[in-house]
Amino acid sequence: MNPSRALFLRLFSIGWLLTTITNFPAAFTHTSLNTAVHLVNSYLNETYSNRGTPLGHAELVLFKSGMNNVWYAAQVAGALLSAIVCDRLGRKFAYITSIVMMSSASAIQTLSTTLLPFPELMIIGRIIMALFSPLSDAALILYLQECAPTHLRGTLSSLFSTGYAVTCLIGMPLGHESLLGHSLPLLLFIPFPVGVLSTIFLVWMPETPKYLMITKRDREGAIRALDFFQGKKADHESTLEGLTQEMMNNSDTKSGDGSLKSLLTTPHLRRAMFLSISALFLTLPFYPILQSSTHFFTTIGIDRPRAQIQSTLLMVLLTISCLISTSLMDIIPRRKLLLTFASLAYSSLFVFSLAAQFDYPNIATVAVFSFLLAYGVGIGPVAWCLSPELVPLSHRSIMFCICYASHSILVVITNFMTIPLFDIIGGMCFIPIFIVPAFLLILLLYFYLPETAGRETHDIIHELRCAGKIGGEKRPIGA
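Since we're looking at a predicted model, the values are computed, not measured.

Attention shifts here to the packing of helix H14 (residues 286-299) against helix H17 (residues 361-389). As a packed pair, H14 and H17 sit with axes 12 Å apart at the nearest point and diverge in direction by 165 degrees. As summarised for this structure, H14 and H17 are arranged roughly antiparallel, according to the angle between their axes. Where H14 crosses over H17, the two elements pack in a sense that is left-handed. Seen from H14, the contacting residues are Phe286, Tyr287, Ile289 and Phe297; seen from H17, they are Thr365, Val368, Phe371, Leu372, Tyr375 and Trp384. Looking at the contact of H14 with H17, its residues break down into 9 nonpolar, 1 polar and no charged.

Glancing now at empty space enclosed by the protein. Inspection of every chain in the model, using the stated rule, returns 4 cavities of 30 Å³ or more. Considering only enclosed or pocket space, the largest cavity measures out at about 290 Å³ in volume. Among the secondary structure elements, those contributing two or more residues to the lining of the largest cavity are helix H1 (3-35), helix H3 (57-89), helix H5 (119-146), helix H6 (153-174), H14, helix H15 (304-328), H17 and helix H18 (393-425). Split by residue class, the lining of the largest cavity holds 14 nonpolar, 9 polar and 1 charged. In this structure, the lining of the largest cavity is formed jointly by two domains, domain 1 (12-204) and domain 2 (258-468), each of which donates at least three residues. Within this model, the second largest cavity holds a volume of roughly 60 Å³. Of all elements in the fold, only H1 and H5 reach the threshold of two or more residues within the lining of the second largest cavity. Counting residues per element, the lining of the second largest cavity draws most heavily on H1, at 4 residues. Here the lining of the second largest cavity is built from residues that sort into 8 nonpolar, 1 polar and no charged.

If you trace the backbone, Ser278 turns up in helix H13 (residues 267-281). Leave out the neighbours within four places in its chain, and Ser278 touches Leu441, Leu444 and Leu445.

This part takes up H18. Between its first and last C-alpha atoms H18 spans 46 Å; for 33 residues at 1.5 Å apiece the expected length is 48 Å, and the two agree. Of the residues flanking the end of H18, it is Gly426, one or two places downstream, whose phi is positive at about 90 degrees.

Attention now goes to the environment of Phe352. Position of Phe352 among the secondary structure elements: in helix H16 (residues 334-357). Taking the C-alpha atoms as reference, Phe352 lies 6.3 Å from Val368; in sequence the two are 16 residues apart. Phe352 has contacts with Ala364, Ala367, Val368, Phe422 and Phe430, leaving out every residue within four places of it along the chain.

A word on the packing of aromatic side chains. Two numbers describe a pair of aromatic rings. These are the distance of the centres and the angle of the planes. Throughout the structure, instances matching the rule amount to 25 aromatic pairs. Between the aromatic rings of Trp384 and Phe400, the centroid separation amounts to 6.1 Å while the plane-to-plane angle is 50 degrees, which identifies the pairing as tilted. In this pair, Trp384 sits in helix H17 while Phe400 sits in helix H18, placing the two residues 16 residues apart along the sequence. Each member of the aromatic cluster is reached from another via a ring pair, and the members are Tyr95, Tyr143, Phe201, Trp204, Phe228 and Phe229.

Once that is clear, we can look at the confidence of the model for the chain. Residues at a pLDDT of 70 or more form 86% of the chain, whose mean pLDDT is 81. Ranking the elements of the chain by mean pLDDT puts strand S2 (residues 473-475) last, at 41, and helix H19 (residues 430-448) first, at 94. Low confidence marks residues 468-479, where pLDDT is under 50. Its contacts with residues over four positions away, or in another chain, come to 23 contacts.

Next up on the list: the pattern of salt bridges. Evaluated as defined, the whole model comprises 3 salt bridges. One salt bridge in this structure joins Arg91 and Asp87, with 3.2 Å as the shortest N-O distance. The class of Arg91 is buried, set by a relative accessible area of 1%. Taking the shortest distance from any N to any O, the salt bridge between Glu389 and Arg334 comes out at 2.6 Å. Pair noted here: Glu389 is in helix H17 and Arg334 is in helix H16, with a separation of 55 residues, a long-range link. A single salt-bridge network, built from bridges that share partners, covers Asp87, Arg91 and Glu146.

Before going further, it helps to examine a nonpolar patch on the surface. A grouping of Phe350, Val351, Leu354, Phe358, Tyr360 and Ile363 is seen on the molecular surface, where their side chains present a nonpolar patch of about 550 Å² in accessible area. It is H16 that contributes the most residues to the nonpolar patch, 3 residues altogether. Note that Val351 resides in helix H16.

We now examine the packing of H13 against H19. Across the interface, H13 lies against H19 with an axial gap of 9 Å and an inter-helix angle of 140 degrees. Taken together, the axes of H13 and H19 are oblique relative to one another. Judged by the sense of rotation from one axis to the other, the crossing of H13 with H19 is left-handed. Of the residues in H19, those touching H13 at Phe274, Leu275, Ser278, Ala279 and Phe281 are Ile433, Phe434, Pro437, Ala438, Leu441, Leu444, Leu445 and Tyr448. Looking at the contact of H13 with H19 residue by residue, the classes come out as 12 nonpolar, 1 polar and no charged.

A relative accessible area of 1% means that Glu389 is categorised as buried. A polar contact is formed between the side chain of Glu389 and the side chain of Arg334, at a distance of 2.6 Å. A polar contact is formed between the side chain of Glu389 and the side chain of Thr452, at a distance of 2.8 Å. Those residues in contact with Glu389 that lie beyond four places of it in its chain are Gln145, Arg153, Arg334, Thr452, Thr457 and Ile460.

With that out of the way, let us pick up the environment of Phe201. Along the polypeptide, Phe201 turns up in helix H8 (residues 191-204). Its relative accessible area of 16% is what places Phe201 among the buried residues. Residues Phe201 and Leu18 lie 183 residues apart in sequence; the distance between their C-alpha atoms is 9.4 Å. Setting aside residues no more than four positions away along its own chain, Phe201 makes contact with Leu17, Leu18, Ile21 and Phe228.

So, how was this worked out
- Residues numbered from 1 in each chain as written.
- Predicted model: local features only at pLDDT ≥ 70, side-chain atom pairs only at ≥ 80, totals over all residues.
- Heavy atoms only, no water.
- Axes fitted to C-alpha atoms, helices over the stretch in contact; angles between N-to-C directions.
- Helix = DSSP H or I, 4+ residues; strand = E, 2+ residues; numbered from the N terminus.
- Parallel < 35°, antiparallel > 145°, perpendicular 65-115°, else oblique.
- Left-handed = near helix turned anticlockwise from the far one by under 90°.
- Contact = heavy atoms within 4.5 Å.
- Nonpolar A, V, L, I, M, F, W, Y, C, P; charged D, E, K, R; others polar.
- 1 Å grid on protein atoms, 1.4 Å probe; cavity = no way out; pocket = protein on both sides within 12 Å on 5 of 7 lines; lining within 4 Å.
- Points joined across faces, edges and corners; volume = space filled by probe spheres on them.
- Domains from an automatic or database assignment.
- Expected span 1.5 Å × (residues − 1).
- Phe/Tyr/Trp six-rings, centres within 6.5 Å; stacked < 30°, edge-to-face > 60°.
- pLDDT = per-residue confidence, 0-100.
- Salt bridge = Lys/Arg side-chain N within 4 Å of Asp/Glu carboxyl O.
- Buried < 20%, exposed > 50% of the residue type's maximum accessible area, 1.4 Å probe, protein only.
- Patch = residues over 30% accessible without salt bridge, like charges linked within 9 Å, V, L, I, M, F, W, Y side chains within 5 Å.
- Areas by Shrake-Rupley, 256 points an atom, 1.4 Å probe, with all protein chains shown as cover.
- Polar contact = N/O pair within 3.5 Å; in protein donor to acceptor, adjacent residues only side chain to side chain.

See below:
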């Protein structure tokens, strides 16, 4: 087999396995419960009725909105702690810890529907899982970027979103009544055995070669890690020389010591953080659609069986679009991919808002599918891999985690507003919450976001420090 093809297949297989390990607990739980929304409603009504305090419709909607958003609120705290764990204790330790804790949280949620039927216990399980979810995500994106050569970095990084889409696709149909949608405890328990198997693999897997070489100065360990991730090759020494050069370049970029203070006070790093958060804002409508698409469809007049099928088909489309993105990430410039498909996505979301508001359910359905297609091809995969690419190794963990925390705060705010407002005023609520801010940020990214595809980190940092290209002319990116 051609060596370059063998390298791609090896890294791609490992990347697929890692992204499945990371994304399964959250994505499966979110999407299976979205499809089996009636089970959650019945569980909440039954438990509170047994206490003598039955929930009305408005109270049920608010309670479920709170259950959805407590996930993202807890992620803020988890994200802020994740950078410390990844940098000081290593990517591997962070990965194992996160998967063990999320598997334990799955067991707690299962208990809340069987032996200890208390919705509060389910919320505690969700909080624990959410606290450690950012740690798992940070470890994943660092593994994907630090184990891949530059020419495959984009492809491997795109698996972060593609894996989420695939596990969503698994969760959606399993939430149907004909499969596992008849049993809430079973849906909540499935991530536990998957987590046990995942932990066994992670214990066997080595630390990332970049972390071993640049942070730990462990040359022999880095070679062993390269043997695991890229296979035994004669040119590992040249790869290590490149890592040594990156280490020297990082020390010369005046980027500080890798702390939060240096990230916030160093102009080009602060600029990179703001651009990364701006790109992540474009992902926000995906989350209410992911968690509540069945609710949206039934609210605009689509019957429940059809709404469940459409929600599953949305995940099929998301998976296909993310797979397309994986094949494009190192072919089409990432900047062009993001800006083009973000414009298409938010145009589709605008059509959905109008169609839902004025009772055109078929047009609204087509618009949601169009949004998710554009999201999967050009928004999700690009936005999530940008932040580590814009900063040196010393700042990758803190950068990703601060952006993750900021994103989680935005998700909490927008999610908490979207579902109740959709029930009250209809689809028009998407316009002020998502659409207007998104088009303003697309303009900002057009002017100031540098291209990252196929470029070394120090080259990207140099452009952020000095200038951005606008119409072929050099000018400052901003203070």
